[in-house]
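Next come the chains, spelled out residue by residue.
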Amino acid sequence: MKPLPRSFYEQPVVTLARACIGKLLVHRTAEGIAGGRIVEAEAYRGPEDLAAHSRRGLRTARTEVMYGPPGHAYVYLLYGTSWAFNFVCGPVDEPHAVLVRAIEPLLGIELMAQRRGMEATDRALTNGPGKLCAALAVDKGAYGADLCGRGSALFLAACDAPTGPIGRSARIHIDYAGDWVDKPWRFFEKRNRFLSTGPRE
DNA sequence: GAATAGATTGTCT
DNA sequence: GACAATCTATTCT
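As a starting point, this report considers the structure included with it. Owing to the predicted nature of the structure, the values given are computational and were not obtained by experimental measurement.

## A short note on the overall build of chain A
And step 1. What chain A contains, in helices and strands, is 3 helices and 8 strands.
And step 2. Along chain A, helices (α) and strands (β) appear in the sequence α-β-β-β-β-β-α-α-β-β-β when read from the amino end.
And step 3. At 15 Å, chain A has a C-alpha radius of gyration in line with the 17 Å of a compact globule built from 201 residues.
And step 4. On the principal axes, the C-alpha backbone points of chain A span a range of 45 × 35 × 35 Å.
And step 5. Counting only residues that meet the buried cut, chain A has 50% of its 201 residues in that class.
And step 6. In chain A, 61% of the contacts between residues at least 6 apart in sequence involve partners at least 24 apart.
And step 7. Per element, the accessible surface of chain A, about 9,200 Å² overall, is 53% carbon and sulfur.

## As for the pattern of salt bridges
And step 1. Counting across every chain of the model gives 12 salt bridges.
And step 2. Among the ionic pairs, glutamate 48 bridges to arginine 45, the shortest N-O distance being 3.0 Å.
And step 3. Its relative accessible area of 37% is what places glutamate 48 among the partly exposed residues.
And step 4. Residue arginine 171 is joined to aspartate 49 by a salt bridge in which the shortest nitrogen-to-oxygen separation is 2.7 Å. With a gap of 122 residues between them, arginine 171 in the loop between strand S7 (166-169) and strand S8 (186-189) and aspartate 49 in the loop between strand S2 (32-45) and strand S3 (73-78) connect regions that are remote in the sequence.
And step 5. Take arginine 171: its relative accessible area is 5%, and that puts it in the buried class.
And step 6. Taking relative accessible area as the criterion, aspartate 49 reaches 0% and is therefore assigned buried.
And step 7. Connected through shared salt-bridge partners, Glu40, Glu42, Arg101 and Arg186 make up one network.

## Side note on the protein's contact with DNA strand B
And step 1. All residues adjacent to DNA strand B are Thr60, Arg62, Leu77, Tyr79, Gly80, Thr81 and Lys140.
And step 2. Close to the protein, within 4 Å, the atoms of DNA strand B are drawn from sugar and phosphate at a rate of 80%.
And step 3. At 2.5 Å from a base oxygen of DNA strand B is found a main-chain nitrogen or oxygen belonging to tyrosine 79.
And step 4. Between a phosphate oxygen of DNA strand B and a side-chain N or O atom of lysine 140, the distance comes to 3.3 Å.
And step 5. Tallied by class, residues from the surface near DNA strand B come to 2 nonpolar, 3 polar and 2 charged.

## Digging into the protein's contact with DNA strand C
And step 1. In the vicinity of DNA strand C there are 21 residues, among which His53, Leu78, Asn86, His173 and Tyr176 approach most closely.
And step 2. Here, DNA strand C places atoms within 4 Å of the protein, and 55% of those atoms are sugar or phosphate.
And step 3. Between arginine 101 and DNA strand C, the recorded distance is 3.1 Å, taken from a side-chain N or O atom to a phosphate oxygen.
And step 4. Contact between DNA strand C and glycine 130: a phosphate oxygen at 2.8 Å from a main-chain N or O atom of the residue.
And step 5. With 3 residues, helix H3 (residues 129-136) is the single largest residue contributor to the surface near DNA strand C.
And step 6. By residue class, the composition of the surface near DNA strand C is 10 nonpolar, 8 polar and 3 charged.

Rules used throughout
Residues numbered from 1 in each chain as written. Chains lettered and ligands numbered in written order. Predicted model: local features only at pLDDT ≥ 70, side-chain atom pairs only at ≥ 80, totals over all residues. Heavy atoms only, no water. Helix = DSSP H or I, 4+ residues; strand = E, 2+ residues; numbered from the N terminus. Rg over C-alpha atoms; globule rule 2.2 N^0.38 Å. Buried < 20%, exposed > 50% of the residue type's maximum accessible area, 1.4 Å probe, protein only. Contact = heavy atoms within 4.5 Å. Areas by Shrake-Rupley, 256 points an atom, 1.4 Å probe, with all protein chains shown as cover. Salt bridge = Lys/Arg side-chain N within 4 Å of Asp/Glu carboxyl O. Near = heavy atom within 4 Å. Polar contact = N/O pair within 3.5 Å; in protein donor to acceptor, adjacent residues only side chain to side chain. Nonpolar A, V, L, I, M, F, W, Y, C, P; charged D, E, K, R; others polar.

Structure representation (structure tokens):
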């Protein structure tokens, strides 16, 4: 299993949000390997997208990695209690990123269940941005990590399993984004039992 | 299954 | 000092 190449992340952000559905997200740590198929993701296209943290070209220590080259991890703390994993795309100085909202557990399921403190069969294992980060042990330490290096611990990879029909909808919990609220930039595998909140069709 | 409220902290105004 | 790309427990039905 090897990381997808940098060129994968050089696609337009909305195209990429759809293309990553069905790919494997993998994290290797000292405890072992953990990962699963991405079944839900959203595109954030700063600086014009008011829902993006990089809106209006906002450039701070937190958003800095989005202005760098594609294929790196953007990890941030949400509501003081949860981490969320995104991957950066687009050329340097274009702050675009894709938020991974849910995965279907495939690798290291027992390890993920242990980290989450629940049964390995529980669908709450990875059905939300903060939950999947907890299951994969992704936190601030992964900020800025290169997803395309030969020895990358955190990366996306191709998956043999076929991908089901893909649906799309408006993004979740961005009511503050004005005209951008209704953009259908959330993509998901229809009726997958590991989807987070929001439309499932 | 759906709706509600409380938790908790880094970041920006 | 307010808020946030959320999660969990609890209380309904």
